[in-house]
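Analysis of the macromolecular model
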Amino acid sequence: MKCYLRAGWVALVLGLAGCYTVPETGRKSFILPVDDVAQGSAAFADLKSKEKISNDPVDNERVRRVGTRIAQAVGDALPGAQWEFVVFDAPDTVNAFALPGGKVGVYTGLLRLAQTDDELAIVMGHEIGHVTARHGAERISEAMLAAGGGLLIDATTRDSRNHDLFLAGYGLFAGGGMLKFSRLHESEADHIGVRYAAKAGYDPGAAITFWQKMEKESKGSHVPAFLSTHPTHERRIADLQGWMPEVMPLYESAKVRYR
Ligand SMILES: [Zn+2]
């Protein structure tokens with residue numbers, strides 16, 4: 001298996017690298033010792049100081065309410081998480097993101113489109129899924145291996161020079177835009193996200209109606225960045241439909257707790 005071969009190679013260099021088991025899907029990934037919790041917290045503090053934060057009590061309460069329930073569904077899959085949910089005031093930005101350490105940002109543009117808590121839970125679950133799966137650390141590890149290990153020592157330090165590399169790993173870059181995750185990571189985040197939403201007592205069926213709505217939306221002249229960086233709606237909706245028999249029972253047993 002690719003993961004073990006690579007782990008062996010890098011073990012010669014660091015003696016620390018290893019395999020990671022992705023929560024909810026059980027996929028094995030290869031991850032170098034990147035301190036993503038420390039990096040994520042530092043990057044989030046940086047973003048908060050640069051972007052406009054919303055003080056709207058309704059929006060903030062909504063994001064906290066949904067986020068707290070998703071965090072409970074994540075459980076101990078995110079060791080060392082200090083959850084923080086921030087609403088960024090950007091009505092034209094249809095986006096949300098999550099960083100290691102449990103740092104979650106939602107833009108007001110997304111809140112207008114994700115009209116119900118069920119829909120918001122789908123999007124937040126997806127973003128948090130990227131984090132618990134450690135997709136950013138996996139991407140950084142891949143990039144470092146591709147560079148022949150020359151960046152290894154550099155990237156395992158907490159130096160602020162690594163912030164850009166780190167943000168790119170998590171799909172964000174310094175200008176605040178989004179980079180594309182691989183198709184595997186997107187699909188896996190969809191799968192994990194819909195499981196988290198269901199375990200948090202939110203209707204996973206909202207994923208299908210939400211993406212159908214987004215599909216209509218994107219047929220207009222203006223395609224939000226959030227949509228263009230994600231897989232085709234057709235593919236995504238078909239996958240989500242395939243996961244419904246698996247996630248509906250999770251929803252049925254969880255919703256009793258949140259009634
Ligand atoms: Zn994504």
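The rules behind each value
Residues numbered from 1 in each chain as written. Predicted model: local features only at pLDDT ≥ 70, side-chain atom pairs only at ≥ 80, totals over all residues. Helix = DSSP H or I, 4+ residues; strand = E, 2+ residues; numbered from the N terminus. Expected span 1.5 Å × (residues − 1). Buried ≥ 20, exposed ≤ 12 C-beta atoms within 10 Å, placed from the backbone. Pairing = 2+ DSSP bridges. Axes fitted to C-alpha atoms, helices over the stretch in contact; angles between N-to-C directions. Contact = placed C-beta atoms within 7 Å. Parallel < 35°, antiparallel > 145°, perpendicular 65-115°, else oblique. Left-handed = near helix turned anticlockwise from the far one by under 90°. Nonpolar A, V, L, I, M, F, W, Y, C, P; charged D, E, K, R; others polar.

1. A look at helix H9 (residues 183-199)
- With 17 residues, H9 extends 24 Å from end C-alpha to end C-alpha; this agrees with the ideal 24 Å at 1.5 Å per step.
- Among the 17 residues that make up H9, 13 are buried, leaving the element largely enclosed by the rest of the structure.
- Where H9 ends, the next residue or the one after it, Gly 201, has phi of about 85 degrees, a positive value.

2. Details of the sheet that holds strand E4 (residues 96-99)
- An order of E3-E5-E4 is seen for the three strands of this open sheet, with the pairing classed as mixed. The open sheet has two edge strands, strand E3 (84-88) and E4, and neither has a second partner. Strand-to-strand, the axes of this sheet are offset by a mean angle of 15 degrees, without reference to chain direction.
- As paired strands, E3 and strand E5 (residues 103-107) are joined by five bridges and run parallel to one another. Among the inter-strand pairings, Val 86 is bridged to a residue of E5, identified as Gly 105.
- With respect to the sheet, helix H3 (residues 57-74) is in contact with E3 and E5, its orientation differing from that of E3 by roughly 145 degrees.
- Set on the sheet, helix H5 (residues 117-132) makes contact with E4 and E5; between it and E4 the angle comes to about 30 degrees.

3. Examining the packing of H5 against H9
- As a packed pair, H5 and H9 sit with axes 7 Å apart at the nearest point and diverge in direction by 120 degrees. Considered as vectors, H5 and H9 are oriented oblique to each other. The handedness of the crossing between H5 and H9 is right-handed. In this structure, H5 contributes Ala 121, Ile 122, Gly 125, His 126, Ile 128, Gly 129, His 130 and Thr 132 to the contact, and H9 contributes His 185, Ala 189, Asp 190, Ile 192, Gly 193, Val 194, Tyr 196 and Ala 197.
- Here the contact of H5 with H9 is composed, by residue class, of eight nonpolar, seven polar and one charged.

4. Structural notes on the pairing of E5
- Among the five residues that make up E5, five are buried, leaving the element largely enclosed by the rest of the structure.
- Residues of E5 alternate between two faces, with Lys 103, Gly 105 and Tyr 107 on one and Val 104 and Val 106 on the opposite face, all of them buried.
- Pairing of E4 with E5, which is carried by four bridges, proceeds in the antiparallel orientation. When the sheet's bridge partners are listed, Phe 97 is paired in E5 with Gly 105.
- Connecting the antiparallel pair E4 and E5 is a turn made up of three residues, with Gly 101 showing a positive phi of about 95 degrees.

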